Amino acid sequence: MYLIKLAYRNMKSNKGIYRPFILAGIVSCIIFYVIAFIGMNKSVLESVSSVTFEKILKVGTAFSILIIFFFLYLANGYLLKNKKKIFGIWNTLGLSKNQIVVVTFWETLIFCIITIIIGEVIGTAVSFGLSYGVVDLLGVEETISITFSERVVKFTVIVFGVLYLAIFIINAYTIYNTKTIELIKGKQVGDKELRGAKTRSILGVAVLLIGYAICFFTRSPLSSFTMMILSAALIIYGIYTIFEYTSVNILKKMKNNDRVYYKTDNFICVSNLLYRIRKNAVGLATICVLSTAVIIILTTTISLYAGIQDQVSGMFVKDVMATVIDVNEEDKQAFAGYVDEIIEEHEISDENLYFFTHYSSMAKFDENMIDCDASANVLSPDFAYVIFVNVEDYNAVMGKNYVLGQDEVLLITNKKYNKETILLGEDEYKVTEVLPPERSIEGSGGQISTAFEIVCADERRCYQSAIMADENDERLGIIDINCYLDSKEEAVQNALVNEINHYINEQGFKGSCNGYRESFNFYLSFYAGALFIGIGLSILFIIMTGYIIYYKQVSDSFEDRDAFLMMEKIGLTHSEIKRSAGKQMVITFAAPVVFTAVNVMFVSRIVYKFMAILNMSNLTLFVGCIGISVLIYAVVYMALYVITTHIYTRNVSEKYSAI
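Quick caveat, the model's predicted, so the values are computed rather than measured.

Within the chain, the secondary structure is distributed over 20 helices and 10 strands. Relative to its full complement of 659 residues, the chain shows a buried share of 51%. Taking the intrachain contacts of the chain between residues at least 6 apart in sequence as the baseline, contacts between residues at least 24 apart amount to 81%. Per element, the accessible surface of the chain, about 31500 Å² overall, is 60% carbon and sulfur.

See the structure below:
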């Protein structure tokens, strides 16, 4: 009981150093609760009915747990450094380390209880408010309902119980493995000189460049997710290594340069940075990584939401789209007859009907040769998806009047192509014109790989050349059917979709029919969840960044105050102290900004390719969203700079040292 009272009194009398840690826990709990709230909402999952979407929610939830643990670990590190002196005094007064660990346990338990209770109460209110706001904004009130979930409450209790248990174990280990004198002087001990700084500095630069190269040279969006994870890991490692080891080399060179070092501002600034090089390195690298994460997450979620209309429109040239694959000529005629019946039944004009067939195949593409090889690997850089369309169908659908000879083709592709001819298997065809993907008969959609639409006078002959088959090859009898219908009445659209899907299922065909509104609502619900996750993680990262900057600057200022006061006694003026402190702040804030800008430039390239899988192919919109995200974050970052610079300068220039 005595140790519990001691823990309570210690927290009460030192609330100034405990308050930031408690606040960090509460904010983390609120944000995690919001993310878990949407991730476990049955209405959201049922409305989307997507395994991929569920995986995204699970990955987002798991990722947020890791980030929150790292956040609490950093916050605990700052707190522990300030508590070491208290622990050291207790130990010298007769309190054993076992008793100190017990006190720490009760403190951690109190932290955990306060965090969970306040975090869940506020989190529930924020979740309902944010949920209703986003649902109303997206217009999905009919498909998503917001309800209270006991499962989220229990899950949050378990997660934060485990996280605070881990924090307690870290603190206990630190107390047991730190000598009493080191505890007392914990705040006054600088970082030890890092060994092998030159070698590790070179390694860090090399790893960072490899990460950037992966971002730059990755072609296929289908392999982008794996490459994105790999490049992110390399970039993060490279940044931490560069900040920790390259900065040592730079500061040492400045120190060895008499003209640079022996100037008042530089002398103080360089000495301070070298004194706590590891702490600065970890803090600045973390700020850089978090800043990059905020901008990329904001860009992704904003562009997905803003581009929903473009994404769905790219998939549809008419309001109703039906596709049937791997059918023969007899099935084609039957399907065509059925479509004629239903358009007559629903009084749809022939002008609002697109009906065409094509051959399709996976292929290998190399310079000017397309080889429809069954071994084509979708993850390979030379992979291409190819369809062969008759020129008469293309003209009818697109309202054109192209005339092609037997050895001439029209290319529509998302790849830059400047050759005059193209090889289909072993046969050479003249390319009369190359058109962008927007001129595709199937709509631009989301091109997730190299794609070719080859318009020919005889599509069967071109396909036969590409697959290198003879006239009796069974593959020549397998065709794909596309049917697009227009109807401005939503009730008619829904009826067409249901009737065509019923026919496809009844005949046992491979394929489906979708309506524009149905697909639009699907993507809207899908991106609603992504928007929840993106907003939650962005807020969490911004708060983490602000917390790290604020707490780092405040703790540094109190550590530096005595040193500045001593130098003031031996002749340093008040204005020189402020100028030196200001220069240190500029370095502290400028370094992460430079690396963040470079990171965003490379990482956004691979993220854009990955987003093509989600049908996001509007580069102008994506770049605009990057600009918006950078602007939002710049305002927040500048505010943090002004506030923390003022606090640091004020603290180090105080006339009297804190006890």
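All right, on to the packing of aromatic side chains then. All told, the structure shown has 20 aromatic pairs when counted by the stated rule. Geometrically, the ring pair formed by Phe21 and Tyr164 is edge-to-face, given 6.2 Å between the ring centres and 85° between the ring planes. Separated by 143 residues along the polypeptide, Phe21 in helix H2 (residues 15-39) and Tyr164 in helix H6 (residues 150-176) bring together distant segments of the chain. In this structure, Phe21 and Tyr164 share a single accessibility class: buried. Here the aromatic residues Phe335, Tyr338, Phe355, Tyr503 and Phe509 are joined through ring pairs into a cluster of three or more. One cation-aromatic arrangement involves Arg605 over Phe216; the distance from NZ or CZ to the ring centre is 4.4 Å.

Another aspect to go through is the packing of helix H14 (residues 329-345) against helix H17 (residues 490-507). At a minimum axis separation of 12 Å, H14 and H17 run at an interaxial angle of 155°. Here H14 is positioned roughly antiparallel relative to H17, judged by the angle of their axes. You can see that H14 and H17 cross each other, and the crossing is right-handed. Here H14 contributes Ala334, Phe335, Tyr338, Ile342 and Glu345 to the contact with H17, which in turn contributes Leu496, Glu499, Ile500, Tyr503 and Ile504. In the contact of H14 with H17, the residues fall into 8 nonpolar, no polar and 2 charged.

On to the side chain of Thr596. Within the element layout of this structure, Thr596 appears in helix H19 (residues 574-611). For Thr596, a relative accessible area of 6% puts it in the buried group.

Mean pLDDT over the chain: 76, with 70% of residues reaching 70 or higher. Highest mean pLDDT in the chain belongs to strand E7 (residues 427-435) (89); lowest belongs to helix H3 (residues 42-48) (54). Counting contacts from residues 655-659, a segment whose pLDDT is below 50, to residues more than four positions away or on other chains yields 9 contacts.

Formed by 68 residues in total, the largest nonpolar core has its most connected members in Phe111, Phe160 and Val607. Per-element tally for this core: the top contributor is helix H12 (residues 277-306), with 12 residues. Those residues in contact with Phe160, other than ones at most four positions away along the chain, are Gly25, Ser28, Cys29, Phe32, Ile68, Leu72, Cys112, Thr115 and Ile116. Counting 47 residues, the second largest nonpolar core, distinct from the first, contains Leu353, Phe388, Tyr429 and Cys456.

This brings us to the environment of Lys5. Take Lys5: it is sitting in helix H1 (residues 2-13). Along the sequence, Lys5 and Val103 sit 98 residues apart, while their C-alpha atoms lie 8.9 Å from each other.

On the surface, a cluster of negative charge is contributed by Asp340, Glu341, Glu344, Glu345, Asp350 and Glu351. Within the secondary structure layout, Glu341 lies in helix H14.

Of note in the backbone geometry, Asp326 takes a positive phi value of approximately 60° without being a glycine. Phi is positive for Met468, close to 50°, though the residue is something other than glycine. With respect to the helices and strands, the residue Met468 is situated in the loop between helix H16 (459-467) and strand E9 (479-485).

To continue, consider the side chain of Thr299. In this fold, Thr299 is placed in helix H12. If near-sequence neighbours (up to four positions away) are discounted, Thr299 is found in contact with Phe622, Cys625, Ile626 and Ser629.

Moving on to the pairing of strand E8 (residues 450-456). Two faces make up the sheet, and in a regular strand the side chains alternate between them. The buried fraction of E8 is high, at 7 of 7 residues. Side chains Thr450, Phe452, Ile454 and Cys456 project from E8 onto one buried face, and the interleaved Ala451, Glu453 and Val455 project onto a second face that is buried too. In this structure, strand E4 (residues 383-390) lies alongside E8, joined through 7 bridges in parallel fashion. For Asn390, the partnering residue across the bridge sits in E8 and is Cys456. Where strand E5 (residues 408-413) meets E8, 5 bridges bridge the pair, whose relative direction is antiparallel. By the bridge assignment for E8, Leu410 is matched with Val455.

Counted by the stated rule, this structure contains 3 salt bridges. Here Glu329 and Lys332 are joined by a salt bridge, their closest N and O atoms 3.8 Å apart. You can see Glu329 and its partner Lys332 sitting in helix H14, 3 residues apart, about one turn around the helix. Notably, a salt bridge pairs Asp407 with Arg461, separated by 3.0 Å at the nearest N-O pair. Pair noted here: Asp407 is in the loop between helix H15 (391-398) and E5 and Arg461 is in helix H16, with a separation of 54 residues, a long-range link. By relative accessible area, which is 42% here, Asp407 ends up partly exposed.

Before going further, it helps to spend a moment on H15. Among the residues of H15, those classed as buried are Val391, Tyr394, Asn395 and Val397. Check the buried side of H15 and you find it contacts strand E2 (353-366), E4, E5, E7 and E8. Here H15 starts with a cap whose side-chain oxygen sits 2.8 Å from the backbone nitrogen of Glu392, and that cap is Asn390. Where H15 terminates, the next one or two residues include Gly399, which has phi positive at roughly 70°.

We now examine H6. Between its terminal C-alpha atoms H6 stretches 39 Å, which fits the 39 Å expected from 27 residues at 1.5 Å a residue. When H6 is considered as a whole, its buried residues turn out to be Val152, Thr156, Val159, Phe160, Leu163, Tyr164, Ile167, Phe168, Asn171, Ala172, Thr174 and Ile175.

With that settled, the discussion passes to the pairing of E2. Pairing analysis gives 6 bridges linking E2 to E9, with the strands arranged antiparallel. Bridge pairing in E9 places His358 opposite Asp480. Here E2 pairs with E4 via 7 bridges, running antiparallel. Bridge assignment links Met362 to a residue of E4, and that residue is Tyr385. Bridge count for E2 against strand E3 (residues 369-371) is 3 bridges, and the pairing is antiparallel. Paired with Asp366 across the bridge in E3 is Met369. Joining the antiparallel neighbours E2 and E3 is a turn of 2 residues, in which Glu367 adopts a positive phi near 55°.

Parameters at a glance
Residues numbered from 1 in each chain as written. Predicted model: local features only at pLDDT ≥ 70, side-chain atom pairs only at ≥ 80, totals over all residues. Heavy atoms only, no water. Helix = DSSP H or I, 4+ residues; strand = E, 2+ residues; numbered from the N terminus. Buried < 20%, exposed > 50% of the residue type's maximum accessible area, 1.4 Å probe, protein only. Contact = heavy atoms within 4.5 Å. Areas by Shrake-Rupley, 256 points an atom, 1.4 Å probe, with all protein chains shown as cover. Phe/Tyr/Trp six-rings, centres within 6.5 Å; stacked < 30°, edge-to-face > 60°. Lys NZ or Arg CZ within 6 Å of the ring centre and 35° of its normal. Axes fitted to C-alpha atoms, helices over the stretch in contact; angles between N-to-C directions. Parallel < 35°, antiparallel > 145°, perpendicular 65-115°, else oblique. Left-handed = near helix turned anticlockwise from the far one by under 90°. Nonpolar A, V, L, I, M, F, W, Y, C, P; charged D, E, K, R; others polar. pLDDT = per-residue confidence, 0-100. Core = buried A, V, L, I, M, F, W, Y, C linked by side-chain atoms within 4.5 Å. Patch = residues over 30% accessible without salt bridge, like charges linked within 9 Å, V, L, I, M, F, W, Y side chains within 5 Å. Salt bridge = Lys/Arg side-chain N within 4 Å of Asp/Glu carboxyl O. Lys, Arg positive; Asp, Glu negative; His and termini not counted. Charge placed at Lys NZ, Arg CZ, Asp CG, Glu CD. Pairing = 2+ DSSP bridges. Polar contact = N/O pair within 3.5 Å; in protein donor to acceptor, adjacent residues only side chain to side chain. Expected span 1.5 Å × (residues − 1).

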